[in-house]
Structures are given as C-alpha cells and as structure tokens.
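Take a look at the letters that make up each chain.
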Amino acid sequence: KDLRQADIEQQLAQGAPSWAEAENGRLLGVAAWLLVSSIRTERIQFAMLQVQNLNNVWRKTAFRQIMQNFEQVTSNSIKS
C-alpha cells in the first residue's frame, strides 16, 4: 500500500471528517494548486525571457558596431 492509501484508511478508521474540515481541506488544496501553478508559469516565463535575451546578444553587438562605425557605413566610398 502506498502512503496516500494508508492515510485514507486511517482517516476512515477514525471517522469521517466534519463538513467544515473537509471544505477547509479542499480550499487548502485549491490554494496550494494555484500557488504551484503560478510558480511553474513564472519559471517558464523566466526561461523564455532568458532565451530571448541570449538570442539578442548578437543583435546588440551588431547594432553597437554599426553605431560606432556609422560614418564608415554611410560614406560615399561604399555607395559607389
């Protein structure tokens, strides 16, 4: 038997919980699920942001190089 089944059997042996205790347990379970789901979503969003930041590294470097060498890039010798 797993621990969850043993816990259920123990609760049944002690008698059914009152309505208030059962409702409190459900509310606690929902709150716990919402918290875990929120943390999971935040973790996924953070990972996606990190991937986007890594993908932008070369763009930032290229843009910086163009801005530093703006006069060379726009000079007439290149246009000819």
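Residues numbered from 1 in each chain as written. Predicted model: local features only at pLDDT ≥ 70, side-chain atom pairs only at ≥ 80, totals over all residues. Heavy atoms only, no water.

Engineer: How should I be thinking about the overall build of the chain in this particular structure?
Structural biologist: Each helix and strand counted, the chain has five helices and zero strands in total. Starting at the N terminus and ending at the C terminus, the chain contains elements arranged as α-α-α-α-α. Within the span of the chain, comprising 80 residues, buried residues form 0% of the whole. Roughly 7,600 Å² of accessible area belongs to the chain as shown, and the carbon and sulfur atoms make up 62% of that amount. (Helix = DSSP H or I, 4+ residues; strand = E, 2+ residues; numbered from the N terminus. Buried < 20%, exposed > 50% of the residue type's maximum accessible area, 1.4 Å probe, protein only. Areas by Shrake-Rupley, 256 points an atom, 1.4 Å probe, with all protein chains shown as cover.)

Engineer: Quick question: what am I supposed to make of a nonpolar patch on the surface here?
Structural biologist: A cluster of nonpolar side chains, contributed by Val-30, Trp-33 and Leu-34, occupies part of the molecular surface with about 330 Å² of accessible area. Topologically, Val-30 is positioned in helix H2 (residues 19-55). (Patch = residues over 30% accessible without salt bridge, like charges linked within 9 Å, V, L, I, M, F, W, Y side chains within 5 Å. Salt bridge = Lys/Arg side-chain N within 4 Å of Asp/Glu carboxyl O.)

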